[in-house]
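# Examination of the molecular architecture
Letter by letter, the chains look like this.
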Amino acid sequence: MIKVENVTKEFEHICAVNQVSFEIPDGSMFGLLGTNGAGKSTLLRMMAGVLGCDTGRILFDGENIYENPSCKSSVFYLPDTPYYFPNVNLEEMVRFYRRHYPFLERDSAAYMAKLLNLDMELPLRTFSKGMKRQAFLILALCSGTKYLLFDEVFDGLDPVMTETMKELFRREIEERKLTVVVAAHKLKDLEDICHNIGIMHKGGILKAGDMRERSGNVMKLQCVFEGQEDMKEELEKELQVLRYEKEGYFTTLVVKGDKKEILERITRRVPVFVGEIPMSLEEIFMTAMKEAGYDICKVFMELD
Ligand SMILES: Nc1ncnc2c1ncn2[C@@H]1O[C@H](COP(=O)(O)OP(=O)(O)OP(=O)(O)O)[C@@H](O)[C@H]1O
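Here, residues in each chain are numbered from 1, in the same order as that chain's written sequence. At least 70 in pLDDT is required for a residue's local features to be given in this predicted model, at least 80 for side-chain atom pairs to be given and counted, and no such filter applies to totals for whole chains, interfaces and linings, which use all residues.

### Looking at the overall build of the chain
- Helix numbering and strand numbering both begin at the N terminus, where a helix is a DSSP run of H or I of at least 4 residues and a strand a DSSP run of E of at least 2. Helices and strands together make up the secondary structure of the chain, namely eleven helices and 14 strands.
- Dimensions of the chain along its principal axes, counting C-alpha atoms only, are 70 × 45 × 45 Å.
- Counting other C-beta atoms within 10 Å of each residue's C-beta, where C-beta atoms are placed from the backbone, gives the exposure class: buried for 20 or more, exposed for 12 or fewer, partly exposed between. Across the 304 residues that make up the chain, the buried fraction comes to 34%.
- Here the contacts in the chain between residues at least 6 apart in sequence split such that 70% fall between residues at least 24 apart. Residues are defined as contacting one another if the C-beta atoms placed from their backbone atoms lie within 7 Å.

What follows is the structure, encoded as structure tokens:
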């Protein structure tokens, strides 16, 4: 289990991470989402033990990772743009990484490289962006560590490769209780694989929790009202409507508040149909940002 306890990090006058706490259970994937400059990479670097915390601590199975080599050997960290030596190939990278991760088996890496059509003898510098990402994901998956930390994971991969990698992660998560933390912007890629998410903004965590309960007190509804009337103004008077969209017969609503009360007020209008539908990760993120005062309308208002 990973425990992030009251962690803070300041750079000169910037508070990059501000009193952040959450837990990640074993055998799960945690998506660390957030706006640009929210503090995701800084937090991830602290989780990898590369950077010390100003306050708080980060524990992996009860051990503080900072300046703790034995704890670090159970964690594989992949930064946004991983470093590799100028003329090195995947074969040599495997040998290099084996110094830190003795369970990394050359044969498993070669098997995966063959599966993904990557030539282990060619210098990494000749690989495309997506091929480089594949090479580092092979190293990560074959490292045998219990924990993987990624600053962007599927970035640069084509849709087929993204699904292939997801499937490999799913298997490892299920079979050997691998725990993965991913800092990401592309929320769609994480939708069907993350168990828990944390949304960061300006150094703090706005939301953290289970994907199934992630929408909290926000509800997405699809309704059909008699006579196709536009209910926007009427509903906005009584409910905190965050999104209203009407397409043909269907009205889609994202509403904040007590779920029972929302349904009661909507059924008072005698809809032909009303049903709750799950919110996408993007909608949850946008809603959390709107509540935090960071939304597209405001950005444009500030520009005017
Ligand atoms: N080495 C550093 N020195 C000074 N400030 C830094 C340093 N590293 C990060 N920061 C600042 O800390 C804040 C958080 O940066 P961080 O890179 O963690 O954000 P992020 O969420 O990963 O952003 P992005 O999504 O844009 O990659 C930013 O304001 C950034 O300018």
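Moving on from the model shown.
### Quick word on the environment of Asn 117
- In this structure, Asn 117 sits in the loop between helix H4 (106-115) and helix H5 (129-142).
- On the neighbour-count criterion, Asn 117 (8 C-beta atoms within 10 Å) is exposed.
- Here the alpha-carbon distance between Asn 117 and Asn 196, two residues 79 residues apart in the chain, equals 32 Å.

### A short note on the sheet that holds strand E11 (residues 218-224)
- With respect to topology, four strands assemble into an open sheet ordered E12-E13-E11-E14, the strand pairing being antiparallel. Edge positions in the open sheet fall to strand E12 (240-247) and strand E14 (273-276), since each of these has one partner strand only. Going across the sheet, the axis of each strand differs from the next one's by a mean of 20°, ignoring polarity.
- Sheet strands in contact with helix H9 (residues 259-267) are E11, strand E13 (250-256) and E14, and its direction is about 20° off that of E11. Two strands are counted as paired when DSSP detects at least two bridges linking them. Fitted lines through C-alpha atoms give the axes, limited to the stretch in contact for helices. The angle between two N-to-C directions lies from 0 to 180 degrees.

### A word on the domain arrangement of the chain
- With domains assigned, the chain is organised as domain 1 (2-74 + 146-213), domain 2 (87-143) and domain 3 (218-303).
- For domain 2 and domain 3, the distance between their C-alpha centroids amounts to 47 Å. Here the limits of each domain have been adopted from an automatic or database domain assignment.

### Focus on the packing of H5 against helix H6 (residues 159-176)
- Two numbers describe how H5 lies on H6: the axes approach to 12 Å, and their chain directions differ by 5°. The angle between H5 and H6 places the two elements in the roughly parallel class. Where H5 abuts H6, its residues Gly 130, Gln 134, Leu 137 and Leu 141 lie against Met 161, Met 165, Leu 168 and Glu 172.
- Gly counts as polar in this scheme, as do all residues outside two lists: the nonpolar Ala, Val, Leu, Ile, Met, Phe, Trp, Tyr, Cys and Pro, and the charged Asp, Glu, Lys and Arg. Residues that form the contact of H5 with H6 fall into these classes: five nonpolar, two polar and one charged. Roughly parallel covers angles under 35 degrees, roughly antiparallel covers those over 145, roughly perpendicular covers 65 to 115, and oblique covers all other angles.

### Notes on the nonpolar core
- Counting 67 residues, the largest nonpolar core has Leu 32, Leu 139, Leu 149, Val 181 and Val 182 as the members making the most contacts within it.
- Element by element, the count of residues in this core is highest for H5, at eight residues.
- Residues within four places of Val 182 in sequence aside, it is in contact with Met 29, Gly 31, Leu 32, Phe 150, Val 153 and Leu 190. Note on terminology: a nonpolar core is any set of buried Ala, Val, Leu, Ile, Met, Phe, Trp, Tyr and Cys residues joined through C-beta atoms within 7 Å.

### Quick look at the sheet that holds strand E2 (residues 14-24)
- Spatially, E2-E1-E4-E5 is the arrangement adopted by the four strands of the open sheet, whose pairing is antiparallel. The open sheet has two free edges, formed respectively by E2 and strand E5 (63-64), since each of these has just one partner strand.
- By the bridge criterion, seven bridges tie strand E1 (residues 2-11) to E2 in an arrangement that is antiparallel. When the bridges of E2 are listed, Ile 2 appears paired with Ile 24.
- The strands touched by helix H1 (residues 40-47) within the sheet are E1, E2 and strand E4 (55-60), with E2 carrying the most contacts at an inclination of about 60°.

### Some details on the site of the ligand
- Nearness here has a simple definition: the residue's C-beta atom, placed using the backbone, must lie within 6 Å of the molecule or strand. In the vicinity of the ligand, the contacting residues are Phe 11, Ile 14, Ala 16, Gly 34, Asn 36, Gly 37, Ala 38, Gly 39, Lys 40, Ser 41 and Thr 42.
- Among the elements of the structure, E2 and H1 are those that each provide at least two residues to the shell around the ligand.
- When residues of the shell around the ligand are assigned to their parent elements, the largest contribution, three residues, is made by H1.
- When grouped by side-chain class, the residues that make up the shell around the ligand number four nonpolar, six polar and one charged.

### Here we look at the pairing of E1
- Bridge count for E1 against E4 is five bridges, and the pairing is antiparallel. From the neighbouring strand, Lys 3 faces E4, where its bridge partner is Leu 59.
- Between E1 and E2, which pair antiparallel one after the other, the connecting turn spans two residues, and Glu 12 there sits at a positive phi close to 45°.

### Considering the pairing of strand E3 (residues 29-34)
- For E3, the buried fraction is high: six of the six residues fall into the buried class.
- Side-chain alternation along E3 places Met 29, Gly 31 and Leu 33 on one buried face and Phe 30, Leu 32 and Gly 34 on a second face that is also buried.
- Sheet topology places E3 next to strand E8 (residues 179-184); five bridges connect them, and they run parallel. By the bridge assignment, Met 29 is partnered in E8 with Val 180.
- By the bridge criterion, five bridges tie E3 to strand E9 (residues 196-201) in an arrangement that is parallel. Bridged to Leu 33 within E9 is Ile 199.

### Digging into the environment of Gly 257
- Mapped onto the secondary structure, Gly 257 falls in the loop between E13 and H9.
- According to the C-beta neighbour criterion, Gly 257 is partly exposed, with 15 such atoms within 10 Å.
- Considering only alpha carbons, one finds Gly 257 and Met 47, 210 residues apart in sequence, at a separation of 35 Å.
- Residues within four places of Gly 257 in sequence aside, it is in contact with Asn 217, Leu 239, Gln 240 and Ile 262.

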